[in-house]
Amino acid sequence: MEIKMENLTKVFVAKDKSEVRAVDNVSLTIPSGKLIGLLGPSGCGKSTTLYLLAGLLRQNDGKIYFEEDEVSNTPPEKRGIGLVFQNYALYPHMTVRENILFPLQNLKVEAELAKQKTVEMARLVGLESMLDRKPKELSGGQQQRVAIARALVKTPRVLLLDEPLSNLDARLRLQTREEIKRIQRETQITTVFVTHDQEEAMSISDEIVVMKDGVIQQMGAPQDVYDDPSNLFVAKFLGNPQINVFDGVIKGKKIYINDMVVGKSKLPDGEVLIGIRPEGFIVDQEKKSPFKFNIDLVSTIGRDTTLIVDLPSESDNILDKKSFKAIVDAMLRIQSGDEIHFIVRPEKMFLFNMEGERLE
Amino acid sequence: MKKFVLLLVTFVIALAFAGCVNVGTTASTTAGTQETTTLQLAEELPDEEVEITFWHIYGTDKTALLDQMIAEFEAMYPNVTITDTSQTDYNTLREKINMGISVDQVPTMALGYPDHFAGYIEADAVLKLDDYINNTTEYEITNSSSSIFGETVTIGLDLDDFVASYLEENSQYEGGYYYSLPFSKSTETMAVNVDVLKAHLTEIRAAGITISDNGFLSHDVPLTYAQIEALADIIVDTNGTNTTTSKCEYLLNYDSSGNMFINMSRQWNAPYTNTDGEILIDNDTTKSMLQYVQDLFLNNTLALPIAWDQSYGSTNFKYGDVCMSVGSTAGVNYNIPTDADTQENLQFGQFQVDFVPVPQFVATEGDSFTVSIDGTDSTFTGSLSAVQQGPNIGIFSSASSAEKLYAWLFLKYLIETDNTAKWAMNTGYLPARLSSYSSEAAIDLTASYSTNYADFLQIAKDFWDADGEVTWATTDVRWNYLYSSMVANIAQSQNTYYQYDPAFAAGTNSAGSATARVEAGYCLENIYIGTLASGSSYNPNTALNTMLNQLTW
Amino acid sequence: MAEIFVENEKAYKRRRLISNIVTFGFLSLVAIGILIPFYWMILTSLKSIQEIESVPPILWLNFSDWKITNYTDLFLTVQSGERAGEPLFPFFTYMKNTVLISFLTTLGTIITTILAAFAFARLNFKGKDTLFAVLLATMMVPGEIFILTNFLTINQFGWYDILTQTYTEAVLAMTIPFMISVFYVFYLRQTFRKIPDELYFAAKVDGTSDFKYLLKIMIPIAMPTIVTIIILNSMGAWSAYIWPAMVTTQDKYRLVSNGLRGAFTDTTGRTDYGQQMAAATLVTVPLIILFFTFRKQIMRGVGRSGIKG
Ligand SMILES: Nc1ncnc2c1ncn2[C@@H]1O[C@H](COP(=O)(O)OP(=O)(O)OP(=O)(O)O)[C@@H](O)[C@H]1O
Ligand SMILES: [Mg+2]
């Protein structure tokens, strides 16, 4: 089912009358049957957006459509959504079975059928054997799966997941991530997956939506957004290690960093911010490129070597020191102190104006 | 749903506050001092159905006789129904009436102490009984179903037949009117360990105290404190009770320290309180009196039950720790050692107990007496005084005139000579009327034993006349009533100098009379404790000041 | 290495033993402290007046010395007169009233407490905080003051008419004013507030109404607190004395507590402690039975944690 948000706005008024625009004029269409990753730093309004979709919060402005139906004023229990909370919010006094059964009872599903569905759902999330345990007798991952089962059992039109993996350890997180993906594929339920972990979002989502301060920054397929960020914020937010940002200038169709030419541009002369992804550096074996540095630190993990380079700066203050990271092939056996010439791949380099807006 | 819950919550909160909103309804009619309004009674005795409620605090076991009197009264006036109910205890009874006054929910008549009535009078809720007492109306009973058909009933009441002090007590209120009449009365008497006295006959006689060969003291003439001191010299062994020398650790126990303070103040003519609610204890006579009491404490002449961590001294009297004990007439039998006691505890065995009047300072009213206080002799003018206490009955003014009339007739019936005698015998209280002492109405005490009050009094008289050497069979029922008979006789001999405790409700400057009595008791207890701890260096004025602070503000 | 390990283990075991002795010793003392009054009550209920007064006190009674009449006398009836056949101490009437009053008061209290606590913890309405502050402020008003106001209210409702009061009116008068407790509302609200918002949201998404959420989620989770309130409240109602005496006009409407205090005093105001304690024992026994029956439920709750997250 397609979800459409039109100019959705939510303003919180705090006790001291100060306003927070948690969701600011958001217009967004989520295609049917897709898994969307809603991504952004803490406090950017992800949960708020989710709660607006769920009907748990009332928007100050704007509209929400599920397919053709406007649901802006529909109470949560009538929206037919499944919601998995960051902390699962399982009913602590109920067993797994009762937890999963609960939404069905509220929908007045016939008892036998409800029982059957509960067991089915438990099987889907692999918890058949634990139906009679209480939540506190389960591991974090198991609880999380109960939460998913509870959200899915009533075959919701929309599944909303609010940072469901944040409490899990790295391995479990990976595993559950795959599981969610699998379940979503099997059920084909339109899903919104909130996270502030870009890697998680990238790996699980059909499309990602990047948010900042209540405003949508960019939406698209994960790789597209990565490869073509619409602003410095998005560029910085995606990718690990983070994109390197240099102060640069354009002079005569050439791009300079520290008076070294790194590429060409058709843009007019002026100061720019240059973002280069760590994997965008190629070591110039022939040492012809003017873009060269002495390497300060080298760390090799498996195939990749990360080079850390301190940029020369006028001041001696440590805080003013800037450095950048380049990821290169470990086979090169670079050592700290080596002087390396870099060639920058143009597709890994993005130019931004001083406000962080993408140029070109 | 939200709305519904909200509504419920609001309702709940409203309920919680409901209590606060109705305070304004207390209508206060200002008490216009009605000067002797002569009561205009109906020509004929009202024959409408009348329902009278009578509130008391007696438990089911004690109401049997009351029920019987009610039944008799209802037979006399078939149109009257009397419902008597217990309101559990005096405090609840008083509070219920006090609150009930503001919402017109008071019984027709109720049992109560003078300070209770003082409070009701302030709220203008009690009926002035003078109008009935002095009324000369007579009614002929024309209802043929009445048990007194054809007889004539008088409304008026002859007060001369009542113990004077009871009358004073019940007319102590503003204007000197009667707002209640005496019902259940008691006084204090002194229990004596006859066996111990008998062992010291010669010494006691040498001290000038009249005592019979078998150790019985006079039952008409009270001991004086001078004699008490002399007896202490003879009998007290400060090292503890010694059965071989027949000596007790203490001479005299006084159960109610509150009564002792009040009664002794009277005996010394020391101001205490008055009906206006003034606290007068801050005076030199009271201070001297307390000094004197402290001296009695110091040489074990006098003890309070707290000496043994008890509320009453009767147990230790039985055990022989103390040889004399002043206590309420209602508690007679607690002083008698019997088979039921743990025999090892009875140091003098099952000794003979006698009852005598409470000690006085003078032989006749107005005599002077001299006491030695801290080695110096001081002289005071004394009075005779014995405490009288116990509840009275009053009628409430909100009742209809017919209800009031029948309530009055019922009250009058309750305190008729014969009924008073019956009530006294059954409950252990004392008759409120003088004529009851010679009442010949038969009283069934057990299924097989019936007597009358005069004969009942005779039991102790016969015993005393024989100097304790009566030839009654051990199964003779008179043994069962001997001690009650003794105290009834003693009470009778004391009733000419009964004194009541002026009653007043708590006011703007001081506490009520009930609190004053309690604090008076604490005062003596504090002196007792202080003296035990620091001997003669303890200053009794400390306790007096504490008492004063508690009572005035 | 192994030696040291064994040494340590020994030391550990010794410390464990000592700490156990201290702990259990302390607990035993506390238990004895709690049991002594019960023992004393039962002992006194089997003594004669003289044995009760005995100095030094009698600490143990042989079976042959038991004064069973203290108990049997409670069930004696009035021999003659208007009240013939009525029990001297209407134990069963008192007991019935006490159970009924405790039950109704507690039921009422728990309903109002739950609803009010829910409203203050969960719902949003204008002036909520002010209202709550006002409610809390009423806790500072001494209870005696409410006696007067409640009395007037009861009278206004027509439940206190000394001539015509019926049993139903007496029951209403005894229960209604005590069907709300600000303290319990506060106490339960605190518990309710500890339940995370997410549970509420989850329940909403799962299709519950506010009321159903309260019923199905909040109440079960707050059960330990609610059980505590039930116990405290029933105990309070069980031993209430002044109010039941104030608003009942007849003895047969009253509670065991009223009976216990009034019935066994003689004309001097002295109490027959033997009989009083016998009656007290009979009153306490149901409470003890109740406790042992619901021991598990009572004990459980306390340790149960709210929600994992
Ligand atoms: N009930 C509320 N009242 C006032 N402000 C709120 C409320 N809920 C959220 N906010 C504010 O709205 C903004 C967005 O909050 P939201 O919970 O949507 O962030 P988030 O993106 O989910 O962050 P996180 O990743 O930390 O969960 C924050 O600045 C937050 O402080
Ligand atoms: Mg969030």
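Now for a description of the structure that goes with this document. Note that the structure is a prediction, hence the values are computed from the model and not measured.

Residue and element names in this part refer to chain A. Lining the immediate surroundings of ligand 1 are Phe12, Val20, Ala22, Ser42, Gly43, Cys44, Gly45, Lys46, Ser47, Thr48, Glu163 and His196. Within the side chain of Ser42, one N or O atom sits 2.5 Å away from an oxygen atom of ligand 1. Only β2 (19–30) and α1 (46–54) provide two or more residues apiece to the shell around ligand 1. No other element matches α1, which puts three residues into the shell around ligand 1. For the shell around ligand 1, the class distribution of residues is four nonpolar, six polar and two charged.

Quick look at the sheet that holds strand β6 (residues 81–84) of chain A now. Through backbone hydrogen bonds, the strands of a sheet pair up, either in parallel or in antiparallel fashion. Residues and elements named next belong to chain A. Taken together, the six strands give an open sheet; going across it, the order is β6-β7-β8-β3-β9-β10, and neighbouring strands pair in mixed fashion. Single-partner strands in this sheet number two, and they are β6 and β10 (215–220). Neighbour to neighbour, the strand axes of the sheet diverge by 15 degrees on average, direction disregarded. Here α1 sits on the sheet in contact with β3 (35–39), β6, β7 (158–162), β8 (190–195) and β9 (207–212), set at roughly 155 degrees to β7.

Tallying the contact residues gives 19 residues for chain C and 24 residues for chain A. Overall, the association of chain C and chain A removes approximately 2,100 Å² of surface from exposure, summing both partners, and the carbon and sulfur fraction of that is 62%. Run the count over chain C and chain A and you get two salt bridges. Where chain C touches chain A, the interface holds six residue pairs in polar contact (both at pLDDT 80 or more). Looking at the side of chain C that touches chain A, the element that brings in the most residues is helix α9 (residues 197–205) of chain C, giving seven residues. Residues belonging to the side of chain C that touches chain A are distributed by class as follows: nine nonpolar, four polar and six charged.

Our focus in this paragraph is the nonpolar core. In this structure, B:Tyr77, B:Phe261, B:Trp268, B:Met324, B:Phe355 and B:Trp408 are the most contacted members of the largest nonpolar core, which totals 195 residues. Take this core: its biggest share by element is ten residues, from helix α13 (residues 401–414) of chain B. If sequence neighbours within four positions are ignored, B:Tyr77 has contacts with B:Leu45, B:Ile141, B:Ile148, B:Val153, B:Tyr406 and B:Leu409. Counting residues in each nonpolar core, the second largest holds 68 residues, with A:Tyr51, A:Ala54, A:Leu57 and C:Ile226 among its members.

Time to look at the arrangement of the chains. Where the two pairs of chains in contact are concerned, the greatest contact count is recorded for chains B and C. In this assembly chain A lies apart from chain B, the nearest approach of their C-alpha atoms being 13 Å.

Residue and element names in this part refer to chain A. Side chains of β6 alternate between two faces, with Ile81 and Leu83 and Gly82 and Val84 buried alike. Where β6 lies against β7, four bridges are found, and the strand directions are parallel. Residue Gly82 lies in a different strand from β7, and its bridge partner there is Leu159.

Let us look at helix α14 (residues 417–427) of chain B. All names here are of chain B. Most of α14 sits inside the fold, with eight of its eleven residues counted as buried. Turning to α14, its buried residues are Asn419, Thr420, Ala421, Lys422, Trp423, Ala424, Met425 and Thr427. Contact partners of the buried residues in α14: α2 (63–76), α13, β16 (443–444), β17 (450–451) and α15 (453–465). Positive phi shows up at Gly428, right after α14, with a value of about 90 degrees.

This part covers a nonpolar patch on the surface. Side chains of C:Phe24, C:Phe26, C:Leu27, C:Val30, C:Ile34, C:Leu35, C:Phe38, C:Ile288, C:Phe291 and C:Phe292 sit close together on the surface and give an oily, nonpolar patch of about 960 Å² of accessible area. When contributions to the nonpolar patch are tallied by element, the ones reaching two or more residues are α1 (2–45) and α14 (273–293) of chain C.

Glancing now at the state of the cysteines. Residues and elements named next belong to chain B. Using the criterion set out here, one finds one disulfide over all chains in the structure. Each disulfide pairs two cysteine sulfurs, and for Cys248 the partner residue is Cys323, the sulfurs being separated by 1.7 Å. The sign of the 60 degrees torsion about the S-S bond sets the Cys248-Cys323 disulfide as right-handed. Note that Cys248 is positioned in the loop between α9 (225–235) and β8 (250–254) and Cys323 in strand β10 (residues 322–328), a separation of 75 residues in sequence. In this pair, the class of Cys248 matches that of Cys323, namely buried.

Cut-offs and rules
- Residues numbered from 1 in each chain as written.
- Chains lettered and ligands numbered in written order.
- Predicted model: local features only at pLDDT ≥ 70, side-chain atom pairs only at ≥ 80, totals over all residues.
- Heavy atoms only, no water.
- Near = heavy atom within 4 Å.
- Polar contact = N/O pair within 3.5 Å; in protein donor to acceptor, adjacent residues only side chain to side chain.
- Helix = DSSP H or I, 4+ residues; strand = E, 2+ residues; numbered from the N terminus.
- Nonpolar A, V, L, I, M, F, W, Y, C, P; charged D, E, K, R; others polar.
- Pairing = 2+ DSSP bridges.
- Axes fitted to C-alpha atoms, helices over the stretch in contact; angles between N-to-C directions.
- Contact = heavy atoms within 4.5 Å.
- Buried area = accessible area lost by both parts, 1.4 Å probe.
- Salt bridge = Lys/Arg side-chain N within 4 Å of Asp/Glu carboxyl O.
- Core = buried A, V, L, I, M, F, W, Y, C linked by side-chain atoms within 4.5 Å.
- Buried < 20%, exposed > 50% of the residue type's maximum accessible area, 1.4 Å probe, protein only.
- Patch = residues over 30% accessible without salt bridge, like charges linked within 9 Å, V, L, I, M, F, W, Y side chains within 5 Å.
- Areas by Shrake-Rupley, 256 points an atom, 1.4 Å probe, with all protein chains shown as cover.
- Disulfide = S-S within 2.5 Å.

As far as function goes, none of this settles anything; it's purely spatial.
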